[in-house]
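# Notes for the structure review
In case you want the letters, here they are:
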Amino acid sequence: MNGEAPSRIAWYDRLQKIDPRIIYLVVFVLVSIPFFVPIPVKMEVSPVVRKLYDKVEEIAENNKRGPEKFVLLAMDWSPSVKAENQPQTAAMIEHLFRRGVRFAIMSHLLPEGPMMAERIAERIAKKYNKRYGVDWVNFGFRQMRFADYMAFVRDMYAIISKDYRGTPIRDVPMMKNIRGLRDFALVFDVTGSGAYADWVYYAQPEAHFDIGVGVTAIIGPSIRPLIDAGQVVGMMEGLSGAAQYEQLLNIRGQASRGMGSQNLAHLWVIIALILGNIGYLASRRREKKLKKELR
Amino acid sequence: MPEPTELEKKERISVEKLVFLIIAVLVVVYIACDCIVYSLRQGFDGFWERLGVGIGAICTIGIYSFLYRENPIYRFLEHILVGLSVGYGTGVVWTEVIQPQWLDRMFGAEGQPANYLWLLVLIPGVMWYFQLSRRHVWISRFVIMFFMGTGAGGAFRGTFQFFFSERGQVIQTFKPILTESAGSLHFTWLNFSNLVFVVVVLCVLSYFFFTFRHETNPVLRGSSRLGRYFLMVCFGTIFGTTIQGRMSLFIDRLVFLYHDWLGISG
């Protein structure tokens, strides 16, 4: 100790130098609260989610009148994006089972996707009394390049010989009416990357099916131009997209339960941003004042 | 803020060690009790399941300890994760690609006849590895040329469709500013939206237009400045969604800790 009084730090400097660990601690506390005290969150369903929902409804209605069309669930996600992609997958499978639209699961990018989707489908299938091979099938993982998509459109048996469980796909009852991608009305790609683009680039021009996507929030903004142009029919964007879809289905699933935490965390981010900016503006003002005084 | 003295640093480190020790003992005791309780209820299956969940919890807490400070536990778990990813990736390439797509077809599997012509695929495959030799790198260039050629050819059609088909990005950029109905032109809310869209597209494009100097051309200067602001709004949106995504990941981990591991939330 040299006897000098400790220098006081101005409040605006303090605001800009908050220990990040305090910010993380507040995030942890806020995100934890809804786990013990549920916070009801009312959400507006965005048009892009509504469009996707309506597309599935349209397929279900058309199947009653005309030749049956199927839905392909492209599960191009892995555990690293499970938080967002799993509720999206669950919401879509719930809708398809509820409306009796038969679907196939596959991935052209990641082997974990079909494995995780299989678990989700099995769980929801019990609720609706649906049977594997009759109401849904899992093609598993099949790495595909651009030429494969073109073959997949015309004759998918050339690309996939066995399903995820090792059964030759010609022996799967549901495959009786499926020849290629032209028998599918919708490809729903769930991904945390740009995997959906392969369907848009290579397969859609050949088969003219619709494409829907379930993507992580980060990918969402890059899909908007494709929706505007009609290349993608609709989207579930991040956890909130899945929660909105759950709202349309009138269920309270994993996404809806997480929205309370999500909202509180966002609120804290906004408060932290405002505090930081107030500190910055105040310190700039102080600097200007000091410069003036020095002149 | 004054720098902490050596004594203060030592005191803080000893407090941190004590806190770490208490947390570690609590976690290990909880996992042990959890495993014992489940093994009594469900036998060995329950024991292994709960042990897996417990290890998952330790990994989650260990990785998040980085938020406090870089530490050996975090680094150890990070290396485990990287090692597991590489090992898993190698296994997947073998079981999902090399074996079913090549070996089984070549040697014949499950009653299928063997086709040794698949052996020829090995030649371009091996050619890639000549990249590692300075003297023989030219051999690898043939296979690179082939892949680039086929890739570009295949991608060209898709790219053209993506931008110039009926629903293509470029074609869909042409939007009506006025709507014609009953022989007269109207300016509706949709037209206003289209006008904003076109203005934003032109301003952003002008920002990347370097044929003329922006400083000497007042129109280009104004539009490129606007374009920069529009780009900033776009990047801000993307950054916002990034935070949203990261929070979702954190929520998922808390679901695991509270629900799957501790079983204390609904």
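Predicted, not measured: the structure shown is a model, and the values here were computed from it. (Residues numbered from 1 in each chain as written. Chains lettered and ligands numbered in written order. Predicted model: local features only at pLDDT ≥ 70, side-chain atom pairs only at ≥ 80, totals over all residues. Heavy atoms only, no water.)

Turning our eyes to something else, we now look at the overall build of chain B. Looking only at helices and strands, chain B has seven helices and two strands in total. The helix and strand sequence of chain B, counted from the amino end, reads α-α-α-α-α-β-β-α-α. The principal-axis extents of the C-alpha atoms in chain B amount to approximately 80 × 70 × 50 Å. With 266 residues in all, chain B has 20% of them scored as buried. Within chain B, contacts between residues separated by at least 24 positions form 26% of all contacts whose residues are at least 6 apart in sequence. Total accessible area computed for chain B in this model is approximately 19300 Å², and 72% of it derives from carbon and sulfur atoms. Counting 21 positive and 18 negative side-chain charges, chain B places the averaged centre of each group 12 Å from the other. (Helix = DSSP H or I, 4+ residues; strand = E, 2+ residues; numbered from the N terminus. Buried < 20%, exposed > 50% of the residue type's maximum accessible area, 1.4 Å probe, protein only. Contact = heavy atoms within 4.5 Å. Areas by Shrake-Rupley, 256 points an atom, 1.4 Å probe, with all protein chains shown as cover. Lys, Arg positive; Asp, Glu negative; His and termini not counted. Charge placed at Lys NZ, Arg CZ, Asp CG, Glu CD.)

The figure often quoted for interface size is the accessible area lost as the parts come together. When cut into domains, chain B gives domain 1 (6-94), domain 2 (116-172) and domain 3 (175-242). Relative placement of domain 1 of chain B and domain 2 of chain B: their C-alpha centres are 44 Å apart. (Domains from an automatic or database assignment.)

Okay, the side chain of D163 of chain A next. Residues and elements named next belong to chain A. Looking at the secondary structure, you find D163 in the loop between helix 6 (146-154) and strand 4 (184-191). Notably, D163 is buried but unbridged: the nearest opposite-charge side chain belongs to R165, and the N-O separation is 5.7 Å. Polar side-chain contacts of D163 include one of 3.0 Å to the backbone nitrogen of G166. Of the polar contacts made by the side chain of D163, one reaches the backbone nitrogen of T167; its length is 2.8 Å. Apart from residues lying up to four places away in sequence, D163 is in contact with Y132, V137, N138, F139, I169 and V172. (Salt bridge = Lys/Arg side-chain N within 4 Å of Asp/Glu carboxyl O. Polar contact = N/O pair within 3.5 Å; in protein donor to acceptor, adjacent residues only side chain to side chain.)

With that settled, the discussion passes to the pairing of strand 3 (residues 136-141) of chain A. All names here are of chain A. The buried fraction of strand 3 amounts to six of the six residues, a majority that puts the element mostly inside the structure. Taken together, the five bridges between strand 2 (residues 103-107) and strand 3 define a ladder with parallel strand orientation. Among the inter-strand pairings, S107 is bridged to a residue of strand 3, identified as F141. In the classification by handedness, the crossover that spans strand 2, the intervening helix 5 (residues 112-128) and the parallel strand 3 is right-handed. (Pairing = 2+ DSSP bridges. Right-handed = clockwise from strand over helix to strand, strands pointing away.)

So, about a nonpolar patch on the surface. Taken together, the side chains of L25, F28, V29, I33, F36, V37 and I39 of chain A together with I264 of chain B make up a nonpolar region of the molecular surface, amounting to roughly 680 Å² of accessible area. Among the secondary structure elements, I39 of chain A is positioned in the loop between helix 2 (20-36) and helix 3 (47-65). With relative accessibility at 33%, the residue I39 of chain A sits in the partly exposed group. (Patch = residues over 30% accessible without salt bridge, like charges linked within 9 Å, V, L, I, M, F, W, Y side chains within 5 Å.)

On to helix 2 of chain A. The end-to-end C-alpha distance of helix 2 of chain A is 25 Å, a good match for the 24 Å that 17 residues give at a rise of 1.5 Å each. Among the residues of helix 2 of chain A, V27, L30, V31, S32, P34 and F35 of chain A are the ones counted as buried. Buried residues belonging to helix 2 of chain A abut helix 10 (254-294) of chain A together with helix 7 (218-261) of chain B. (Expected span 1.5 Å × (residues − 1).)

On the chain B side, the residues contacting the 48 residues of chain A number 43 residues. Interface area lost by chain A to chain B is led by F35, Y201 and I218 of chain A, which between them contribute 16%. Counting every contact that joins chain A to chain B gives two salt bridges. Notably, a salt bridge pairs K82 of chain A with D252 of chain B, separated by 3.4 Å at the nearest N-O pair. Going through the elements one at a time, helix 2, helix 4 (82-99), helix 6, helix 7 (196-207), helix 8 (220-229), helix 9 (238-249) and helix 10 of chain A are the ones with two or more residues in the side of chain A that touches chain B. In terms of residue count, helix 2 of chain A provides more of the side of chain A that touches chain B than any other element does, eight residues in total. Counted by class, the side of chain A that touches chain B contains 26 nonpolar, 12 polar and 10 charged residues. (Buried area = accessible area lost by both parts, 1.4 Å probe. Nonpolar A, V, L, I, M, F, W, Y, C, P; charged D, E, K, R; others polar.)

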